[in-house]
Amino acid sequence: MLNSVSVVRLPDRTPIAADTVDLSSNVESAYWTLRMTLADPGHVALLRPTVDGPAQV
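The present account deals with the structure reproduced in this document.

**Notes on the overall build of the protein**
Part 1 of the reasoning: When helices and strands are counted, the protein shows 1 helix and 4 strands.
Part 2 of the reasoning: The C-alpha atoms of the protein give a radius of gyration of 13 Å, which is well past the 10 Å a tight globule of 57 residues would have.
Part 3 of the reasoning: Along the three orthogonal principal directions, the C-alpha set of the protein runs to about 35 × 25 × 20 Å.
Part 4 of the reasoning: Going through the 57 residues of the protein one by one, you find that 12% of them count as buried.
Part 5 of the reasoning: Partitioning the contacts of the protein with sequence separation of at least 6, the portion at a separation of at least 24 is 27%.
Part 6 of the reasoning: When the accessible surface of the protein is totalled, it reaches about 5000 Å², and 54% of it is carbon and sulfur.
Part 7 of the reasoning: Averaging the positions of the 4 positive and the 6 negative side-chain charges in the protein gives two centres separated by 4 Å.

**Details of unusual backbone geometry**
Part 1 of the reasoning: Cis rather than trans, the peptide bond between Leu10 and Pro11 has omega equal to 5 degrees.
Part 2 of the reasoning: Tracing the backbone through its elements, the reader meets Pro11 in the loop between β1 (8-9) and β2 (14-15).

**Remarks on a nonpolar patch on the surface**
Part 1 of the reasoning: Where nonpolar side chains cluster on the molecular surface, the patch consists of Val5, Val21, Leu23, Trp32, Leu34 and Val57 and spans about 610 Å² of accessible area.
Part 2 of the reasoning: Here Leu34 shows up in strand β4 (residues 33-38).

**Topic: the environment of Ala18**
Part 1 of the reasoning: Relative to the helices and strands, Ala18 resides in strand β3 (residues 18-24).
Part 2 of the reasoning: According to the relative accessible area criterion, Ala18 is partly exposed, its value standing at 29%.
Part 3 of the reasoning: In sequence terms Ala18 and Glu28 are 10 residues apart; their C-alpha atoms lie 28 Å from each other.
Part 4 of the reasoning: Excluding residues within four positions of it along the chain, Ala18 makes contact with Val7, Met36, Thr37, Leu38 and Ala39.

Rules and cut-offs
Residues numbered from 1 in each chain as written. Predicted model: local features only at pLDDT ≥ 70, side-chain atom pairs only at ≥ 80, totals over all residues. Heavy atoms only, no water. Helix = DSSP H or I, 4+ residues; strand = E, 2+ residues; numbered from the N terminus. Rg over C-alpha atoms; globule rule 2.2 N^0.38 Å. Buried < 20%, exposed > 50% of the residue type's maximum accessible area, 1.4 Å probe, protein only. Contact = heavy atoms within 4.5 Å. Areas by Shrake-Rupley, 256 points an atom, 1.4 Å probe, with all protein chains shown as cover. Lys, Arg positive; Asp, Glu negative; His and termini not counted. Charge placed at Lys NZ, Arg CZ, Asp CG, Glu CD. Patch = residues over 30% accessible without salt bridge, like charges linked within 9 Å, V, L, I, M, F, W, Y side chains within 5 Å. Salt bridge = Lys/Arg side-chain N within 4 Å of Asp/Glu carboxyl O.

Here it is, written out as structure tokens:
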């Protein structure tokens, strides 16, 4: 099986190019962990917090 994912910044849906995405959790936690490798290092600026708070993806 081959999964695919599109990563976008919300609410404007700006695309964020990612080479790899890893989504994981464990039974002892109510939270998920997201790790991704950006295809374009310049996209890190899209993920930085603003005065309105953290970036949402």
